[in-house]
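As a plain string of letters, each chain reads:
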Amino acid sequence: MKGVPFAASDETMPSRNATFAGILMMLLGILLFSLNDVMGKWLVATYTVGQVLLLRSAAALLAIIPFVVKQGVARTLRPERPGLQLLRVTLGSCEVALFYWAVSYLPLADTMTFWLAAPIWAVVLAALLLGERVDTGRWLAVAAGFVGVVITLNPSAQSLSLPAIIALVGSFSFAAMMITGRQLRGTPDVTLVFWQTLGALVMGVALLPFGWVTPTLADLGLLGLLGIVAMVAHLCVTRSLKLAEASVVVPYQYTLIVWALVFGWLVFGDWPSSAMLFGSALIIAAGLALLMLERRAGNAASDTAKERVTIEQN
């Protein structure tokens, strides 16, 4: 029942198929975000955060215009619950700016690992604000995943630096944005992504006075691709949160560390340490445990529904 912690009615519980689809969409969205992160780190080494946000958002807006026209301009420009929409856009714009700011100082794997704290915040927010049921098994699995994050991070003196604090604030903003999006299930995905992209563009304009470097033609193309990849990633994550409970799909952001290992080796030539490999294995194990718990909960809910129908028929 909505508003009551650790309880949910049968009418509001996502179906097993919808939950599985939500998990797959989250995994795809995180992969695309990882690609976006790699390109972003490459570009902020040369260009300012403001112009990266501006140019990537401009490209994303151009790419999403056909979807806006197909959906209807009026429907896109008049979203439901405008106050909550504004909060989501503000959180999302701050999150992406904070990420590019942090990754300009920290290694990509470190920054992505800080972002893996987001599922911890999201599970707590989902339980407290949305009344989503989070059983003991899921809490334990999420805790195990967080331990894996700590092991992978291998805390050092940089852990208490200003860039690290920026990254942690950014991860909290990301979690809060996702939870806010969970409350906007009735808003079309195109509308959510359009306003999110527009908010990032406005943030880019606001940060533009801090510097400008004229991009080369090749980098201009990368900046445009950056925006398109981010737009598709937002669509995937937004759809995921509509298909399944946040406490189920959000922990799959832990796959970020897997992609950090892969892209760190392919793009930056970084070889993973034994601690990173062990931590990644623990994170993957936690994700598999969450999937198994969800399937078990789905089976139990299905059995309960069948028993209820049998009783009513008798």
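This structure is a prediction, so every number in the text was calculated from the model and none was measured.

> In this structure, what is going on with the overall build of the chain? I would like to understand it.
Secondary structure summary: the chain contains 13 helices and zero strands in total. Reading the chain from its N terminus to its C terminus gives the helix and strand order α-α-α-α-α-α-α-α-α-α-α-α-α. Taken over 314 residues, the chain has a buried fraction of 50%. Surface accessibility of the chain: about 14800 Å² in total, with carbon and sulfur atoms responsible for 71%.

> How should I be thinking about the nonpolar core in this particular structure?
Looking at soluble globular proteins, one finds that nonpolar side chains tend to be buried together. Counting 72 residues, the largest nonpolar core has Val52, Tyr100, Met178 and Val249 as its most contacted members. Residue contacts for Met178: discarding those within four places in its chain leaves Met26, Val237, Leu241, Val250 and Gln253. In terms of nonpolar packing, the next biggest core, distinct from the first, is built from 10 residues, Ala60, Leu61, Phe194 and Met231 among them.

> I would appreciate a short explanation of the environment of Ala286 in the present structure.
Relative to the elements of secondary structure, Ala286 occurs in helix 13 (residues 274-313). Taking relative accessible area as the criterion, Ala286 reaches 4% and is therefore assigned buried. In this structure the C-alpha to C-alpha distance between Ala286 and Ala143, which are 143 residues apart in sequence, comes to 8.5 Å.

> Any chance you could explain empty space enclosed by the protein here in plain terms?
Think of a ball as big as a water molecule: rolled over the atoms, this probe shows where empty space is left. Within this structure, the stated rule accounts for three cavities of 30 Å³ or more. By volume, the largest cavity amounts to about 190 Å³. Phe33, Asp37, Glu95, Phe99 and Trp115 are the residues nearest the centre of the largest cavity, which is lined by 15 residues in total. Residue assignment for the lining of the largest cavity shows that the elements contributing at least two residues are helix 1 (16-44), helix 4 (82-103) and helix 5 (108-115). Here the residues of the lining of the largest cavity sort into nine nonpolar, three polar and three charged. In this model, the second largest cavity occupies a volume close to 110 Å³. If you trace the second largest cavity, you find 13 residues lining it, with Arg56, Gln196, Thr197, Ala200 and His234 closest to the centre. Mapped by element, the contributors of at least two residues to the lining of the second largest cavity are helix 2 (49-71), helix 4, helix 9 (189-207) and helix 10 (217-243). Sorting elements by how many residues they give to the lining of the second largest cavity places helix 10 first, with four residues. Looking at the lining of the second largest cavity residue by residue, the classes come out as five nonpolar, six polar and two charged.

> What's the story with the environment of Leu116 in this structure? I'm lost.
Mapped onto the fold, Leu116 is located in the loop between helix 5 and helix 6 (118-129). Under the relative-accessibility criterion, Leu116 is labelled buried at 0%. Separated by 134 residues in sequence, Leu116 and Val250 place their C-alpha atoms 9.8 Å apart. Leu116 has contacts with Val149, Gln253, Tyr254, Leu256 and Ile257, leaving out every residue within four places of it along the chain.

> Even after reading the chapter, I still don't get the packing of aromatic side chains, so can you show me in this structure?
The way to describe two aromatic rings as a pair is by their centre distance and the angle between their planes. Tallying each qualifying case throughout the model produces four aromatic pairs. Between Trp259 and Phe263 the ring centres are 5.9 Å apart and the planes differ by 25°, which places this aromatic pair in the stacked class. Of the two residues, Trp259 and Phe263 both sit in helix 12 (residues 255-266), four residues apart, roughly one turn of that helix. By relative accessible area, which is 25% here, Trp259 ends up partly exposed.

> Could you clarify how one ought to interpret helix 2 in this entry?
For an α-helix, 3.6 residues make a turn, and residues three or four places apart therefore share a direction. For helix 2, spanning 23 residues, the distance from its first C-alpha to its last is 32 Å, which sits close to the expected 33 Å at 1.5 Å a residue. Approximately 40° is the largest bend angle found in helix 2, and it occurs at Ile64, with the proline Pro66 only one to four residues beyond. Of the residues one or two after helix 2, Gly72 is the one with positive phi, at around 120°.

> Would you mind going over the packing of helix 1 against helix 10 with me for this structure?
A pair of packed helices can be characterised by two numbers: the angle between their axes and the separation between those axes. Taken N-terminus to C-terminus, the directions of helix 1 and helix 10 make an angle of 160°; their axes are 7 Å apart at the nearest point. Viewed along their axes, helix 1 and helix 10 adopt a mutual orientation that is roughly antiparallel. As for how helix 1 packs across helix 10, the hand of that crossing is left-handed. Of the residues in the contact of helix 1 with helix 10, the class split is 21 nonpolar, seven polar and two charged.

> Please clarify how the confidence of the model for the chain should be interpreted in this entry.
In regions of low pLDDT, the predicted coordinates are not meant to be interpreted in detail. Averaged over all residues, the pLDDT of the chain equals 79, while 86% of them reach at least 70. When the criterion is pLDDT under 50, residues 1-11 qualifies, and its contacts beyond four places in sequence or with other chains add up to 18 contacts.

> I keep staring at the side chain of Asp219 and nothing clicks. Help me out?
The topology assignment puts Asp219 in helix 10. Once residues lying within four places of it in the same chain are set aside, the contact partners of Asp219 are Leu43 and Tyr47.

> Quick question: what am I supposed to make of the side chain of Arg56 here?
Locating Arg56 in the fold gives a position in helix 2. For the buried Arg56, no salt bridge is present, and the opposite-charge side chain at shortest range is Glu95, 7.6 Å distant. Contact partners of Arg56, with chain neighbours within four places excluded, come to Asn36, Val96, Tyr100, Ala200, Leu223, Leu226, Gly227 and Ala230.

What counts and what doesn't
- Residues numbered from 1 in each chain as written.
- Predicted model: local features only at pLDDT ≥ 70, side-chain atom pairs only at ≥ 80, totals over all residues.
- Heavy atoms only, no water.
- Helix = DSSP H or I, 4+ residues; strand = E, 2+ residues; numbered from the N terminus.
- Buried < 20%, exposed > 50% of the residue type's maximum accessible area, 1.4 Å probe, protein only.
- Areas by Shrake-Rupley, 256 points an atom, 1.4 Å probe, with all protein chains shown as cover.
- Core = buried A, V, L, I, M, F, W, Y, C linked by side-chain atoms within 4.5 Å.
- Contact = heavy atoms within 4.5 Å.
- 1 Å grid on protein atoms, 1.4 Å probe; cavity = no way out; pocket = protein on both sides within 12 Å on 5 of 7 lines; lining within 4 Å.
- Points joined across faces, edges and corners; volume = space filled by probe spheres on them.
- Nonpolar A, V, L, I, M, F, W, Y, C, P; charged D, E, K, R; others polar.
- Phe/Tyr/Trp six-rings, centres within 6.5 Å; stacked < 30°, edge-to-face > 60°.
- Expected span 1.5 Å × (residues − 1).
- Bend = angle between axes of the 7 residues up to and from the residue.
- Axes fitted to C-alpha atoms, helices over the stretch in contact; angles between N-to-C directions.
- Parallel < 35°, antiparallel > 145°, perpendicular 65-115°, else oblique.
- Left-handed = near helix turned anticlockwise from the far one by under 90°.
- pLDDT = per-residue confidence, 0-100.
- Lys, Arg positive; Asp, Glu negative; His and termini not counted.
- Salt bridge = Lys/Arg side-chain N within 4 Å of Asp/Glu carboxyl O.

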